[in-house]
Amino acid sequence: MARSFEEALTSGKFLIATSLDTPKGMDLEDLARLIKELKDVVDALGVSDNPHAMMCMSPWAVCRLALEQGVEPIMHVACRDRNRLALQSDLLAAASIGIKNILCVSGDHVKFGDHIDAKPVHDIDSVHLLTVAKALAEGKDMAGNPLKGSPALFLGATANPEADPLEPQLIKVDKKIKAGASFLVTHPVFNIENLKRFMNHVKQSKVKVIAGIRLLVPEEASKYKDGSYPGLLVPDDLIEEIKGADTGKCMKLAGDLIKEIKSANLCDGIHITAPGHEEKIPDIMKAGGL
Amino acid sequence: MIVAKRKPFNEIKELISGSKKILILGCGTCVAVCLAGGEKEVAILASQLKMALGLVNEDVEIDELTIERQCDREFIEEISTKVNVDDYDLILSTACGAGVQLLSDVFDHKVVVPALNTTFIGVAEGPGMWTERCRSCSDCVLADTGGICPVTICAKGLVNGPCGGTRHGKCEIDPEKDCAWTLIYNRLKKLGRLNRMEQALPPKRYSVQQYPAKIVHEAYRRRYE
Amino acid sequence: MGDCHFLEGNLRAKERVEYTKKLLNEIGLGEGRLEMFHIGASDAPLFAEAVEIMTNRAKELGPNPLKCGAEKAEAA
């Protein structure tokens, strides 16, 4: 097995991660094939937790698949679907099967998903989840009860450098870092100046930053514009550019951004997402000169 | 105040079906102010029902009465000075859920059904418009959030700042809705109290929310022992 | 529109007429018996036209079904 995600991240190497969605149903074959293709090209594999509030298989099952195939998973944990009891017990269960890297997120609102009448739980928020996970790692549950054996966890959080306004986002990021986030995976970035502004703020801390790179595709252009993808803030001129772009052009746009980030030495790595086009991830990396 | 909305007309028709003599009972407080269940709305609903039932030749007698408040026994007692409740098969109440329940308690031998869906605790923004402002969480954080409630206004009820979905200061779920945390940030900045936002707020204490909640004023304890 | 002696009174009235139409639809009477026309005080031809429209519509819709029932009951 390759170096752990934590080791890779602290080694100073420009880290490459991606994320996959779990299946809706029991069919793990396609996913297993995809993991096989990606495992030697990425340093870590994120596994989403009911992405977009769409009911899918719990991420720990796919994380285990990743571990079996020899690639280190980052399990996303959304506060949307579980209360503080369930969140903690799931963290313990995940750690028990070797899942160490946890990305603590609020979770897209249930309105975007396929169970719109579900109760959005949000018993605790992402800042609390980080605090709780850190406490578990230190041997205490959220109520202060001692644990018999504590989980080894490497904790991360999300942030959106494209958020408008940015300032409230930065205040929250500071809280996440203080609560125990060792790494940040950003929402997809499109404007390098926004990422610079963001990095200027967080670089005072020791947190590692993995910038989000999203493959934009013309067939989704209208959805970028109307806010169908929460947290995905694509500038209008880029949406126009994507509308008429062929596959090569789409890859190049993502690749150019990777090059720009890497050459400016802005952050510690990138997190590439290409929902529905995951097989293109190695080519996106190539386009980015990786 | 409590803000409510009339149920769909067909649902109300269904709720009263089979009754021959109905009392529509209005409430003159919150639901009168939000134009859902006051004297005027009772009159409109009575007329609508009379006509709708008349169209299908159903012979139903419908009376109207509006009292000051249905959430207070003192006012409910007045009903009997005005009508004989036993004359009616059914009481259709246009009060909030609290009023309907107290009415059912007092007249526990009568069928009492709601004509409204109780929706939120809110404020009047202007004539004909109300917005939700409070979730009655029993653990108020408004001092830390510039007088803007994230539990109510943020679609996810986040207490420590915005999610990543803020879109030009609007909420990810609806471009018409303000992002609560953008409002809070701007307000705290204006007040010179951004340090309030920099401190992490603890998780909500759901143990302080009793369901169903009950308060006995200290000076009145003896009566309820 | 909005050019009203009572400032925006005619716009408010229009909204309320729309609302009342909804109430009539819920009852099952249909909204056709109610209409609002914007007519200047001095615009006789437009007034005549509106009367014509409503007269024709009343004929088309026939007698008020609620009153019909009452008359039938009396006749019986």
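Concerning the domain arrangement of chain B
Okay, step 1: By the assigned domains, chain B splits into domain 1 (2-120) and domain 2 (135-208).
Okay, step 2: Distance between the C-alpha centres of domain 1 of chain B and domain 2 of chain B: 38 Å.

Considering the nonpolar core
Okay, step 1: Among the nonpolar cores identified, the biggest contains 80 residues, and Ile102, Phe198, Val202, Tyr224, Ile261 and Ile272 of chain A are the most heavily contacted of them.
Okay, step 2: Those residues within four positions of Ile261 of chain A in sequence are excluded, and the remaining contacts are Phe14, Ile192, Leu195, Ala211, Ile213, Leu266 and Cys267 of chain A.
Okay, step 3: Counting 20 residues, the second largest nonpolar core, distinct from the first, contains Ile12, Ile22, Ile24 and Val113 of chain B.

Thoughts on empty space enclosed by the protein
Okay, step 1: Per the stated rule, a full pass over the model turns up two cavities of 30 Å³ or more.
Okay, step 2: Empty space within the largest cavity amounts to approximately 120 Å³.
Okay, step 3: In terms of lining residues, the largest cavity is bounded by 13 residues, among which Cys154, Ala155, Cys163, Cys171 and Cys179 of chain B are the most central.
Okay, step 4: Here the residues of the lining of the largest cavity sort into nine nonpolar, two polar and two charged.
Okay, step 5: What the second largest cavity holds in volume is close to 30 Å³.
Okay, step 6: If you go around the second largest cavity, the residues you meet are Ser58, Pro59, Trp60, Met75, Arg82 and Asp90 of chain A.
Okay, step 7: In terms of residue class, the lining of the second largest cavity is built from three nonpolar, one polar and two charged.

Structural notes on the interface of chain B and chain A
Okay, step 1: Of the residues lining the interface, 29 residues belong to chain B; the matching set on chain A comes to 33 residues.
Okay, step 2: Roughly 2,500 Å² is buried in total at the junction of chain B and chain A, and carbon and sulfur atoms are behind 56% of that figure.
Okay, step 3: Taken as a group, Lys156, Asn160 and Arg167 of chain B account for 24% of the area that chain B buries against chain A, more than any other trio of residues on that side.
Okay, step 4: At the boundary of chain B with chain A, the tally comes to zero salt bridges.
Okay, step 5: Looking at the side of chain B that touches chain A, the element that brings in the most residues is helix H8 (residues 180-191) of chain B, giving three residues.
Okay, step 6: Looking at the side of chain B that touches chain A residue by residue, the classes come out as 15 nonpolar, nine polar and five charged.

Looking at the sheet that holds strand E5 (residues 111-114) of chain B
Strands belonging to one sheet form pairs held by backbone hydrogen bonds; the direction of such a pair is parallel or antiparallel.
Residue and element names in this part refer to chain B.
Okay, step 1: Judged by pairing direction, the sheet is parallel, and its four strands sit side by side in the order E3-E2-E4-E5 without closing on themselves. In the strand order of this sheet, the two ends are held by strand E3 (61-67) and E5, each with one partner. Neighbouring strand axes in the sheet, compared pairwise and without regard to direction, differ in orientation by 25° on average.
Okay, step 2: Bridge count between strand E2 (residues 21-27) and E3: seven bridges; the pairing is parallel.

Definitions and cut-offs
- Residues numbered from 1 in each chain as written.
- Chains lettered and ligands numbered in written order.
- Predicted model: local features only at pLDDT ≥ 70, side-chain atom pairs only at ≥ 80, totals over all residues.
- Heavy atoms only, no water.
- Domains from an automatic or database assignment.
- Core = buried A, V, L, I, M, F, W, Y, C linked by side-chain atoms within 4.5 Å.
- Buried < 20%, exposed > 50% of the residue type's maximum accessible area, 1.4 Å probe, protein only.
- Contact = heavy atoms within 4.5 Å.
- 1 Å grid on protein atoms, 1.4 Å probe; cavity = no way out; pocket = protein on both sides within 12 Å on 5 of 7 lines; lining within 4 Å.
- Points joined across faces, edges and corners; volume = space filled by probe spheres on them.
- Nonpolar A, V, L, I, M, F, W, Y, C, P; charged D, E, K, R; others polar.
- Buried area = accessible area lost by both parts, 1.4 Å probe.
- Salt bridge = Lys/Arg side-chain N within 4 Å of Asp/Glu carboxyl O.
- Helix = DSSP H or I, 4+ residues; strand = E, 2+ residues; numbered from the N terminus.
- Pairing = 2+ DSSP bridges.
- Axes fitted to C-alpha atoms, helices over the stretch in contact; angles between N-to-C directions.

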